[in-house]
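# Architecture and fold: a report
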Amino acid sequence: MKTAIATVSISGDLREKLAAIAAAGFDGVEIFEADFLAYDRPPRQVGAMVRDHGLEVMLFQPFRDFEGLPEPQRARAFDRAERKFDLMQELGTDLVLVCSNVSPLALGGIDRAAEDLRALGERAARRGLRIGYEALAWGRHVSDHRDAWEIVRRAGHPNVGLILDSFHTLARRLDPQSIRAIPGERIFFVQLADAPMIEMDLLYWSRHFRTMPGEGDLPVTDFMRAVAATGYAGPLSLEIFNDQFRGGSPRSIALDGHRSLLNLMDVVRRQEPDIRIEVPAMPARARALGVEFVEFTADEDEAETLGALLSTLGFRKAGRHIAKDVTLWRQGGINIVVNTEREGFAHSAYVLHGTSVCDIGIRVEDARATVARATALDAQPFGQPIGPGELEIPAIRGVGGGLIHVVDDAGDLARVWEIEFEPLADALADTGTETGAAAEAGLERIDHLAQTMNYEEMLTWLLFYTAIFETRKLPMVDVIDPAGVVRSQAIENAEGTLRLTLNGAENRRTLAGHFIAESFGSAVQHVAFSCRDIFAAAAALATNGFDPLPISPNYYDDLDARFALDGDLLQRLRAACILYDRDEHGEYFQLYSRPYGEGFFFEIVERRGGYRGYGAANAPFRIAAQKRIMRPSGMPRA
Ligand SMILES: O=C(O)c1ccc(O)c(O)c1
Ligand SMILES: [Mg+2]
């Protein structure tokens, strides 16, 4: 199946758009008329430029307000069409998109529209051109693909076919199953777009908020399954009107688009095994079993400071790498790696971002299959020279340039810690408090990783994770920072063994914005550990000298008002600086470290009774508390 994208979906001038589209691996483009008009080369040269990029002009669009007009507008519309036919021939494309009439002059009447399209088809046929008719969701008389199909059917001309656009169908909540009754060869072109579920005017929604399939909330998969069932074998094309994308990076938006199409086709192929769909083969989305490790890069001094913090959290130094300056810290099922090498990837990350998380390890069912899927979806595989005795652990680059390693239970990968690390002699002694070393705090595993990025990049990250790993996204929530809003989107798998929160910062005065600005785009801003008894953990941490993030007393007074907690519980929360939340499933407890460096921090959580969220209601108070602490060290005032 060929892939295409409308030029309107990408920012830049026509040349920049085409370069980005070609680099992302598309087969063709829809030339959006406004992009052509704004460009200063004649149509023949534009056509040549497209082909020089290895692309095909698959469609020219839109041709507006054509069908159902009274005279003299009707005759003028046909004249207009002939001019566009000239243009199409110069560009080198045979298909034009005619979208349903929105003019108040349009008369309506299905046979009148069919007759106009038949006549246009006749003129197009004389030049070897074809007409594709699309129902705009806000069309004057035709706003439903079923009516558009009936018009095309009645037009009864081989050069007149239907164009389907997932947005117009799904935004109006039309049942995509109705597409299954249309003969595939009568569908000339298929446009795909998703959108977030927002109640608003259809036209405004369509022109400003479309997203790549999978980035929004519309059932694009159901739409595409129905299209596939018709036997349609033409191009799949993205037509994404989005304000943010118009101002975004052409390369990265084009890449997202290509990834979203490949992923969509793969999903459809799996859900419709009896329909032949031409899709590049790739393994299924990876099942994540947990976060296997988090790796920090640091210099020796900062490794010391970080180690001290980890000690107060109850971690013990459990191993040293056989060949590298890399230390393993452990508690429960949590592995924290601290890398102070002077070369290699971790060191480059240190030079760029300072002390930060440079690598995360995810345990999956099949590590090699995970990397194969990721690379089939245009992700970059990563490798660096392997030393004697070291394992080759499959890895890819994350969106921000950080690494994601994947391990599984097969072969040596299952024993990576034993193979690559020597246990530390004093590790056992370390566990006894009487030696002065840290007390275990009962931290069990990584509950979630929070990654921070510019708001404009959030959808890229979202698509990356959801396309590679078997995960779903939760509704986006707004987190109020005293200096602005941070949008937070959680992604998780059904088992809760992989939970990520993506936080999109709109300005650098928010805690999240400050963090990415000062760490030059480093991504993981906090690591949350789970435990079974947060009060026991807090007590152990206190004996270790852990300094929790102090929370305003006003917060606790309000908690009492909101939840009517029993007095003893409230007192214990207040004494230990633990935040509290509740949903219909259960309760959530959160304890925070003080911010470290430019705003990195650790969190300890306890989920009771299946609480599903991430404590978003508490985030503003946590952020305010962190900012009070950071201010003296240069955090700008809100
Ligand atoms: O917003 C529009 O006018 C418009 C034009 C052409 C399309 O294919 C479409 O889906 C929308
Ligand atoms: Mg369209």
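It should be emphasised that the depicted structure is a prediction, and the values quoted were computed from it without experimental measurement.

Basis of the calculations
Residues numbered from 1 in each chain as written. Chains lettered and ligands numbered in written order. Predicted model: local features only at pLDDT ≥ 70, side-chain atom pairs only at ≥ 80, totals over all residues. Helix = DSSP H or I, 4+ residues; strand = E, 2+ residues; numbered from the N terminus. Buried ≥ 20, exposed ≤ 12 C-beta atoms within 10 Å, placed from the backbone. Contact = placed C-beta atoms within 7 Å. Arc of directions from axis to C-beta. Near = placed C-beta within 6 Å. Nonpolar A, V, L, I, M, F, W, Y, C, P; charged D, E, K, R; others polar. Axes fitted to C-alpha atoms, helices over the stretch in contact; angles between N-to-C directions. Left-handed = near helix turned anticlockwise from the far one by under 90°. Domains from an automatic or database assignment. Pairing = 2+ DSSP bridges. pLDDT = per-residue confidence, 0-100.

### What about the overall build of the protein chain?
Looking only at helices and strands, one finds 21 helices and 26 strands in the protein chain. Principal-axis analysis of the C-alpha atoms gives the protein chain an extent of 95 × 60 × 45 Å. Across the 638 residues that make up the protein chain, the buried fraction comes to 50%. Sequence-distant contacts in the protein chain: of pairs separated by 6 or more residues, those separated by 24 or more amount to 76%.

### Overview of helix H1 (residues 14–23)
Each full turn of the α-helix corresponds to 3.6 residues, which orients residues three or four apart in the same direction. Leu14, Lys17, Leu18, Ala20 and Ile21 are the residues of H1 that are buried. All buried residues of H1 lie within an arc of 165° about the axis, which places them on one face of the element. Buried residues belonging to H1 abut strand E1 (3–6), strand E2 (28–32), helix H2 (33–37), helix H3 (43–52) and helix H11 (250–271). Once H1 ends, the next one or two residues include Gly25, with phi positive near 100°.

### Here we look at the site of ligand 1
Around ligand 1, the neighbouring residues are Gln61, Pro62, Leu97, Cys99, Glu134, Leu136, Asp165, Gln191, Ser206, Arg207 and Glu239. Among the secondary structure elements, those contributing two or more residues to the shell around ligand 1 are strand E3 (56–63), strand E4 (95–99) and helix H8 (202–208). Along the lines of polarity and charge, the residues of the shell around ligand 1 split into four nonpolar, three polar and four charged.

### Focus on the environment of Ile182
Locating Ile182 in the fold gives a position in the loop between helix H7 (166–171) and strand E7 (187–192). Remark: the alpha-carbon pair of Ile182 and Gly231, spanning 49 residues in sequence, is separated by 9.4 Å. In contact with Ile182, not counting residues within four places along its chain, are Trp149, Leu162, Ile187 and Thr230.

### Details of the packing of helix H9 (residues 220–229) against H11
One can describe the packing of H9 onto H11 by two numbers: an axis separation of 10 Å at closest approach and a directional angle of 65°. Between H9 and H11 lies a crossing whose hand is right-handed. Only Leu264, Val267, Val268 and Gln271 of H11 make contact with H9, whose side of the interface consists of Val220, Thr221, Met224, Arg225 and Ala228.

### A few points about the domain arrangement of the protein chain
Partitioning the protein chain into structural domains gives domain 1 (3–271) and domain 2 (288–633). For domain 1 and domain 2, the distance between their C-alpha centres works out to 44 Å. Considering each element in turn, the side of domain 1 that touches domain 2 owes the most residues, eight residues, to H11. The residue inventory of the side of domain 1 that touches domain 2, partitioned by class, reads three nonpolar, nine polar and three charged.

### A few points about unusual backbone geometry
Note the cis peptide between Gln61 and Pro62, where omega equals -10°. Omega for the peptide link from Glu71 to Pro72 comes to 5°, which places this bond in the cis form. As for its position among the elements, Pro72 is in the loop between E3 and helix H4 (73–91). Notably, Asp378 is not glycine yet its phi reads approximately 70°, a positive angle. In this fold, Asp378 is placed in the loop between helix H14 (367–376) and strand E14 (381–382). Overall, Asp378 belongs to the partly exposed group, with 16 C-beta atoms counted inside 10 Å.

### Concerning the sheet that holds strand E12 (residues 334–339)
Within the open sheet, the nine strands sit side by side as E14-E15-E16-E13-E9-E12-E11-E10-E17. Their pairing is mixed. The sheet terminates laterally at E14 and strand E17 (421–423), the two strands that pair on one side only. Pairing geometry for strand E11 (residues 326–331) and E12, over six bridges, is antiparallel. Opposite Trp329, over in E12, you have Ile336 as the bridge partner.

### Looking at the confidence of the model for the protein chain
For the protein chain, per-residue confidence averages 94 on the pLDDT scale, and 97% of positions sit at 70 or higher. Here residues 428–436 is a poorly scored stretch, pLDDT under 50, and it has nine contacts once near neighbours within four places are set aside; other chains count. Overall fold confidence for the complex sits at a pTM of 0.95, while the interface term, ipTM, reaches 0.99.

### Quick notes on helix H13 (residues 344–353)
Restricting attention to buried positions, one finds in H13 the residues Phe345, Ala346, Ala349, Tyr350 and His353. Projected onto a plane normal to the axis of H13, the buried residues spread over an arc of 140° and lie on a single side. Lining the buried residues of H13 we find strand E9 (288–297), E12, strand E13 (356–364) and strand E16 (403–407). Gly354 lies just past H13 and shows a positive phi near 75°.

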